[in-house]
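Here is what each chain is made of, one letter per residue.
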Amino acid sequence: LTHESEVDLIRIFQMRDDYERYVGKDHAWTGAVWMPGRRELVLTQEMNKEEMLRMIRHESFHQYLSHAYCMLAAAPWMNEGHACLFENARVDAKGHVTLDEDPARSQLLLANIEQAVALLPKLIRADYGEFYDDDALARSLNYATAWGLAYYLQKGAPLERNTPFKTVLPDFAASLAETRSYRSATDAAFSDVDMAVFQENFREFWLKRRASAMQYDPLDK
C-alpha cells in the first residue's frame, strides 16, 4: 500500500456521444468506466438513478482495487468478478454491508451453468481483450461467470469441508505484489488447485448449495 495522497475525480457526461468520445472506442460499449491513468471514474447520465448507483458501486470497486494494489492491474476474473459482487452491496442504517446475489447474473449463470463451468479455466486466464468479448452475449456470460466465481470464492468456498480453496484470493494478492503480473498471480493462485474438482464444486454450489451462502458474511470474518 502507498501512503501518498491521491485525488480522484468523478466525471459525468450528460450526453452519450460525449461520453463515448471521451472514453474511446474500446470502452464505448460501457455505461461507466474507471480510468486509472487519468484517476477518473467516468459515467453518463443516460440511465436511471438505481442503475447509476449500481454502476458507481461497480466502478468504485475498480478504483478501490487500483489503489489497494498500488495501481497494478488485477486479473479480469478477479477485478470484474468482485466489482460485480460489490455493485450489489447494500448498506443498512448501522453501516453494515450485505453482499446479495445479483438476480440477473444468477439467472444467466444458472441458465448456462454447464457452459459457465466449462468456461472457467479459460476465463481465469483471460486477458482484458478476451474478457471484453466483441460478442455482447459472450461478454455477458463472462461477466456472469466472473461474478459467480467471486461470489463462490467469498461466500461458498469458505463453508466447504476443509475449505480446499481458501488460499486462492490471498495467494493471488501476494503473488501480484511480488511479480507485478496478473497472469503470474493467477498461475500462483491456482497452482495447487485441481481444476476438475474446482469446476465440480463450483457447479454443485450453484445448483445445490446456495442457500447457506446467502447467510454467510465474508466481511464479518
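Use the structure listed above.
Throughout what follows, the structure given in this document is the object of discussion. (Residues numbered from 1 in each chain as written. Predicted model: local features only at pLDDT ≥ 70, side-chain atom pairs only at ≥ 80, totals over all residues. Heavy atoms only, no water.)

### Side note on the sheet that holds strand E3 (residues 40-44)
Read across the sheet, three strands follow the order E1-E3-E2 without closing on themselves; strand pairing throughout is mixed. Strands with a single pairing partner mark the edges of an open sheet, and in this sheet they are strand E1 (9-13) and strand E2 (32-35). In this sheet, adjacent strand axes meet at a mean angle of 15° when their direction is disregarded. Inspection of the sheet shows E1 paired to E3 by five bridges, in the parallel sense. Bridged to Leu9 within E3 is Glu40. Across the face of the sheet, helix H1 (residues 16-23) comes into contact with E1, E2 and E3 while running at roughly 150° to E3. (Pairing = 2+ DSSP bridges. Helix = DSSP H or I, 4+ residues; strand = E, 2+ residues; numbered from the N terminus. Axes fitted to C-alpha atoms, helices over the stretch in contact; angles between N-to-C directions. Contact = heavy atoms within 4.5 Å.)

### Describing the packing of helix H3 (residues 76-87) against helix H7 (residues 136-156)
Contact geometry of H3 with H7 gives a least axis separation of 7 Å together with a crossing angle of 80°. Our classification of the angle between H3 and H7 gives roughly perpendicular. Here H3 contributes Trp77, Glu80, Gly81, His82, Cys84 and Leu85 to the contact with H7, which in turn contributes Tyr143, Ala146, Trp147, Leu149, Ala150, Tyr151, Leu153 and Gln154. By residue class, the composition of the contact of H3 with H7 is ten nonpolar, three polar and one charged. (Parallel < 35°, antiparallel > 145°, perpendicular 65-115°, else oblique. Nonpolar A, V, L, I, M, F, W, Y, C, P; charged D, E, K, R; others polar.)

### A few points about the nonpolar core
Generally speaking, a soluble globular protein has its nonpolar side chains buried in company with each other. Ranked by internal contacts, the top residues of the largest apolar core, which has 49 residues, are Trp77, Tyr152, Phe172, Phe190, Phe198, Phe202 and Trp206. Contributions of two or more residues to this core are made by helix H2 (49-68), H3, helix H5 (113-124), helix H6 (128-131), H7, helix H8 (168-179), helix H9 (182-189) and helix H10 (195-208). At eight residues, the largest contribution of residues to this core is made by H7. Once you skip the residues sitting within four places of it in the chain, Phe202 turns out to touch Leu109, Ile113, Val117, Leu120, Thr145, Gly148, Leu149 and Tyr152. (Core = buried A, V, L, I, M, F, W, Y, C linked by side-chain atoms within 4.5 Å. Buried < 20%, exposed > 50% of the residue type's maximum accessible area, 1.4 Å probe, protein only.)

### Remarks on H5
In a regular helix each residue adds 1.5 Å, so twelve residues correspond to 16 Å; H5 covers 16 Å between its end C-alpha atoms and thus fits that length. Within H5, burial applies to Ile113, Ala116, Val117, Leu119, Leu120, Leu123 and Ile124. Take H5 and look down its axis: the buried residues cluster within an arc of 165°, on one side only. More than 90 degrees from the buried face of H5, the exposed residues found are Ala118 and Lys122. Here the buried face of H5 lies against H3, helix H4 (103-111), H6, H7, H9 and H10. (Expected span 1.5 Å × (residues − 1). Arc of directions from axis to C-beta.)

### Here we look at H2
Between its first and last C-alpha atoms H2 spans 28 Å; for 20 residues at 1.5 Å apiece the expected length is 28 Å, and the two agree. All of the buried residues in H2 are Met52, Arg54, Met55, His58, Glu59, Phe61, His62, Gln63, Leu65, Ser66 and His67. A side-chain oxygen of the first residue of H2 lies 3.2 Å from the backbone nitrogen of Glu50; this N-cap is Asn48. Remark: Cys70 follows H2 within two positions and exhibits a positive phi of approximately 55°. (Polar contact = N/O pair within 3.5 Å; in protein donor to acceptor, adjacent residues only side chain to side chain.)

Everything listed is a geometric property; what it means functionally is a separate question.
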